[in-house]
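# Close look at the chain arrangement
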Amino acid sequence: FEARLMPAMLFSVDSPFFFIFSPGLSLNLNLITIRKRDDIYLTLQGTPLMMNAMGIDSVWAFDVDFGAGYNFRISDRFIVAAEGYGGGWTKPASKSSVSKDKKIPGASGIAFGGRLSGNYYISSALKASFFAGYKNYYYKPTPFMNGIEAGLGISYNFTKSFKELIEKNQYGLGKINI
């Protein structure tokens, strides 16, 4: 079980929003280990989005996604991961403070995308990452927003940390060289 904080910038390719910040949180569960080094995992991700456009206030949207990924371990410290996900998004209706008479309508739909990431293990349970990917906020008849995302992440693996704690208590602290 792993928790990942992944703040990102989303660069829209087809909407008026020019500054989109998403401080995402992901919970991952490693299901299968392949080649004693690689993992296939499931992920649950939640992301609030703060979006800005010319002439309107900040607009908030929220999305929740489920997905799967593959961690390909290159060395004991470096991993490359590929991930695909899908879910839903919603943007509540809001009032504009720029124009008191203007109301920004709400919307919702499905969201899907994928990302590639490079990860570096700081310790056996803590890793830092950078990632980039594509995300589509679908809405009929045209997408609400398509975008390229890029960000940094930090992950903590509670399962590995707990295993190490049990092994230290079971076998002692190990050999001490003086």
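This write-up is about the structure you can find in this document.

Conventions used here
- Residues numbered from 1 in each chain as written.
- Predicted model: local features only at pLDDT ≥ 70, side-chain atom pairs only at ≥ 80, totals over all residues.
- Heavy atoms only, no water.
- Helix = DSSP H or I, 4+ residues; strand = E, 2+ residues; numbered from the N terminus.
- Buried < 20%, exposed > 50% of the residue type's maximum accessible area, 1.4 Å probe, protein only.
- Contact = heavy atoms within 4.5 Å.
- 1 Å grid on protein atoms, 1.4 Å probe; cavity = no way out; pocket = protein on both sides within 12 Å on 5 of 7 lines; lining within 4 Å.
- Points joined across faces, edges and corners; volume = space filled by probe spheres on them.
- Nonpolar A, V, L, I, M, F, W, Y, C, P; charged D, E, K, R; others polar.
- Polar contact = N/O pair within 3.5 Å; in protein donor to acceptor, adjacent residues only side chain to side chain.
- Core = buried A, V, L, I, M, F, W, Y, C linked by side-chain atoms within 4.5 Å.
- Salt bridge = Lys/Arg side-chain N within 4 Å of Asp/Glu carboxyl O.
- Phe/Tyr/Trp six-rings, centres within 6.5 Å; stacked < 30°, edge-to-face > 60°.
- Lys NZ or Arg CZ within 6 Å of the ring centre and 35° of its normal.

### Some words on the environment of Ala150
Summarising the element assignment, Ala150 is placed in strand β10 (residues 145-157). By relative accessible area, which is 34% here, Ala150 ends up partly exposed. Along the primary structure Ala150 and Ser117 are separated by 33 residues, whereas in three dimensions their C-alpha atoms are 9.6 Å apart. The contact partners of Ala150, leaving out residues within four places of it in the chain, are Ala8, Met9, Phe11, Phe131 and Ala132.

### Some points on empty space enclosed by the protein
A complete count under the given rule lists 3 cavities of 30 Å³ or more for this structure. Reported here for the largest cavity is a volume of approximately 90 Å³. Only β1 (2-12), β2 (19-34), β3 (38-52) and β9 (126-137) provide two or more residues apiece to the lining of the largest cavity. For the lining of the largest cavity, a count of residues per class yields 6 nonpolar, 4 polar and 3 charged.

### Concerning the side chain of Ser117
With respect to the helices and strands, the residue Ser117 is situated in strand β8 (residues 107-121). With relative accessibility at 9%, the residue Ser117 sits in the buried group. Of note is the side chain of Ser117, whose polar atom sits 3.5 Å from the side chain of Asn119. Sequence-distant contacts of Ser117, that is, excluding residues within four places in its chain, are made with Ile79, Val80, Ala81, Phe130 and Phe131.

### A few points about the nonpolar core
If you look at the biggest cluster of nonpolar residues, it comprises 15 residues, and the most contacted ones within it are Phe17, Ile20, Met51, Tyr137, Phe144 and Met145. When contributions to this core are tallied by element, the ones reaching two or more residues are β3, β4 (59-73) and β8. Contacts of Phe144, omitting those with residues within four sequence positions, involve Ser15, Phe17, Met51, Trp89, Lys91, Tyr137, Tyr138 and Tyr139.

### Topic: the pattern of salt bridges
Close approach of charged atoms allows side chains with opposite charge to pair. Within this structure, the stated rule accounts for 7 salt bridges. Here Asp38 and Arg35 are joined by a salt bridge, their closest N and O atoms 2.8 Å apart. Using a relative accessible area of 0% as the deciding quantity, one classes Asp38 as buried. Notably, a salt bridge pairs Glu83 with Arg115, separated by 2.4 Å at the nearest N-O pair. Remark: Arg115 occurs in strand β8 and Glu83 occurs in strand β5 (residues 78-91); sequence separation between them is 32 residues. Across the pair, exposure class does not vary: Glu83 and Arg115 are buried alike. If you follow the salt bridges from partner to partner, you end up with Arg4, Glu83, Arg115 and Glu149 in one network.

### Quick notes on the packing of aromatic side chains
The geometry of an aromatic ring pair is captured by the separation of the ring centres together with the interplanar angle, meaning the angle of the planes. Throughout the structure, instances matching the rule amount to 7 aromatic pairs. Relative to Phe144, the ring of Trp89 lies with its centre 4.7 Å away and its plane at 25 degrees, an arrangement referred to as stacked. Of this pair, Trp89 sits in strand β5 while Phe144 sits in the loop between β9 and β10, and the two are 55 residues apart along the sequence. For the residue pair Trp89 and Phe144, the accessibility class agrees, reading buried in each case. Counting every residue linked through ring pairs, the aromatic cluster contains Phe17, Trp89, Tyr137, Tyr139 and Phe144. Sitting over the ring of Phe131, Arg115 keeps its end group 5.4 Å from the ring centre.

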